[in-house]
Amino acid sequence: MNRMIPALSLLLAMALPAAGEPAALDGTLAKIAETGVIAIGYREAEPPFSFQDADGAVVGFSIDLCLKIVDRVRAQLGREDIAVDYVVATPATRFILVKTGQIDLECAATTNNAERRALVDYSYPHFMTATHFVSRRADNIGGIADLAGRSVASASGTVNIDQLNALNRAQNLNIAVLPTKSNEDAFALVVSGRASAFVMDGILLAAMVAETPDPSVYVLSTDTLSQPEPYGLLLKHGDSAFKTLVNETLAAIYTSGEIEAIYAKWFTSPIPPHGANLNLPLSPDLAAAFRTPVEYLE
């Protein structure tokens with residue numbers, strides 16, 4: 001995490017009124033106070049971060065963190081009646097939904113980078129992963145060089161397809177890149193044999209493979225198309241009061257140790273809908289990031 005620089009502070013005074021004075025609300029907090037609703041963006045199938053279980057309930061690691069933020073919003077506004085409105089946010093729609101205020105928080109697995117920070121703001125990181133690819137074990141695809149001349153899928157609107165296209169050009173691999181609307185569509189192309197590989201964040205690939213009837217059919221690459229990069233929760237650009245509240249909430253969860261139980265629930269325990277266990281212990285880098293929450297500004 002040496003690319004992360006410390007935030008100036010938690011900026012508590014920006015989010016809380018002085019003693020005896022009412023809070024002057026604006027931006028997202030004013031909108032929530034007026035409507036009585038906080039809109040949470042989620043994915044329909046992005047375990048373990050954000051997905052629907054067998055009963056249709058929205059669940060996941062990112063969702064649990066966002067619900068803690070909802071509790072903080074309720075407490076700050078003095079409004080226990082604040083309701084949660086879950087809104088589907090796909091890789092293609094998530095940024096416009098945040099920019100236009102149709103969702104107040106995007107609670108999924110979205111990589112933080114400089115280009116995206118020109119459109120939206122990010123919370124403190126809540127996960128880190130690199131870009132890998134998954135293929136069928138029977139195809140004997142060992143590394144990136146073995147993708148040359150093959151068809152490779154990746155979801156539109158992701159950093160992963162940009163990385164794949166850049167690598168394809170730089171190394172003259174002659175890969176036929178197959179853009180898809182969703183991760184599920186891309187993985188389905190590999191399952192059916194219509195694509196030799198699917199390029200995506202390693203953790204998301206591992207989760208999708210774990211949910212298959214026979215995970216041994218697939219293999220996750222050891223080669224990566226990127227360095228590890230952080231995920232963050234998305235919120236509207238320039239809303240300092242709401243961002244402060246979000247980051248204060250996450251910092252309290254991280255530094256108190258509460259994050260360890262939340263992490264274990266989703267990464268080292270059986271998860272819905274089929275009871276798959278990712279068996280992914282908390283890494284030293286992510287543990288260090290939780291101990292000292294900072295903004296990622298690379």
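Residues numbered from 1 in each chain as written. Predicted model: local features only at pLDDT ≥ 70, side-chain atom pairs only at ≥ 80, totals over all residues. Heavy atoms only, no water.

Section: the sheet that holds strand β4 (residues 58-59)
Thought 1: An order of β2-β3-β4 is seen for the three strands of this open sheet, with the pairing classed as antiparallel. One side of each edge strand has no neighbouring strand; the edge strands of this open sheet are β2 (45-46) and β4. (Pairing = 2+ DSSP bridges. Helix = DSSP H or I, 4+ residues; strand = E, 2+ residues; numbered from the N terminus.)

Some words on the nonpolar core
Thought 1: In this structure, F49, F61, V73, L105, F198, F242 and F267 are the most contacted members of the largest nonpolar core, which totals 61 residues.
Thought 2: Those residues in contact with F242 that sit more than four places away from it in its chain are T28, L29, I32, I38, V73, D104, L105 and L235.
Thought 3: Of all hydrophobic cores here, the second largest spans twelve residues; its members include F133, I175, A197 and V199. (Core = buried A, V, L, I, M, F, W, Y, C linked by side-chain atoms within 4.5 Å. Buried < 20%, exposed > 50% of the residue type's maximum accessible area, 1.4 Å probe, protein only. Contact = heavy atoms within 4.5 Å.)

Quick notes on helix α9 (residues 240-256)
Because an α-helix packs 3.6 residues into every turn, residues spaced three or four apart end up facing the same way.
Thought 1: For α9, with 17 residues, the first-to-last C-alpha span of 24 Å sits near the 24 Å given by 1.5 Å per residue.
Thought 2: With 13 of its 17 residues buried, α9 lies for the most part within the structure.
Thought 3: Two residues or fewer past α9, G257 is found with a positive phi of approximately 90°. (Expected span 1.5 Å × (residues − 1).)

Description of the state of the cysteines
Thought 1: Inspection of every chain in the model, using the stated rule, returns one disulfide.
Thought 2: A sulfur-sulfur distance of 1.9 Å marks the disulfide that ties C66 to C107. Note on the C66 and C107 pair: the S-S dihedral is about -100°, so by sign convention the disulfide is left-handed. Taken together, the positions of C66 in helix α3 (residues 61-77) and C107 in strand β6 (residues 105-111) put the pair 41 residues apart, joining distant regions of the chain.
Thought 3: Residue C66 is classed as buried on the basis of its relative accessible area of 1%. (Disulfide = S-S within 2.5 Å.)

A look at the packing of α3 against helix α10 (residues 258-267)
Thought 1: Relative to each other, α3 and α10 sit at 145°, their axes nearing to 9 Å. Seen along the crossing, α3 lies across α10 with a hand that is right-handed. Note on element contacts: α10 touches α3 through E258, I259, I262, Y263, K265, W266 and F267, opposite F61, D64, L65 and K68.
Thought 2: Here the contact of α3 with α10 is composed, by residue class, of seven nonpolar, no polar and four charged. (Axes fitted to C-alpha atoms, helices over the stretch in contact; angles between N-to-C directions. Left-handed = near helix turned anticlockwise from the far one by under 90°. Nonpolar A, V, L, I, M, F, W, Y, C, P; charged D, E, K, R; others polar.)

With respect to the packing of helix α7 (residues 183-192) against helix α8 (residues 202-210)
Two measures define how a pair of helices packs: the angle their axes make with one another and the distance between the axes.
Thought 1: Relative orientation of the contacting elements α7 and α8 amounts to 60°, with a least axis distance of 12 Å. Relative to α8, α7 is oriented oblique. By crossing handedness, the relation of α7 to α8 is classed as right-handed. Residues N183, E184 and F187 of α7 pack against L204, M208 and V209 of α8. (Parallel < 35°, antiparallel > 145°, perpendicular 65-115°, else oblique.)

With respect to the packing of aromatic side chains
Thought 1: Summed over the entire model, instances satisfying the criterion amount to 13 aromatic pairs.
Thought 2: Aromatic side chains F49 and F267 sit 5.6 Å apart centroid to centroid with 70° between the ring planes, which places their arrangement in the edge-to-face category. Residue F49 is located in the loop between β2 and β3 (50-52), and its partner F267 is located in helix α10; the two are separated by 218 residues in the primary sequence.
Thought 3: With a relative accessible area of 0%, F49 lands in the buried category.
Thought 4: Classification of F267 by relative accessible area gives buried; the value is 0%.
Thought 5: Through successive ring pairs, a cluster of aromatic residues spans F49, F61, F127, Y231, Y263 and F267. (Phe/Tyr/Trp six-rings, centres within 6.5 Å; stacked < 30°, edge-to-face > 60°.)

Focus on the pattern of salt bridges
Thought 1: Counting across every chain of the model gives ten salt bridges.
Thought 2: The partner of R136 in a salt bridge is D139, with the nearest N and O atoms 2.5 Å apart.
Thought 3: Taken together, the shared-partner salt bridges connect R43, E46 and E106 into one network. (Salt bridge = Lys/Arg side-chain N within 4 Å of Asp/Glu carboxyl O.)

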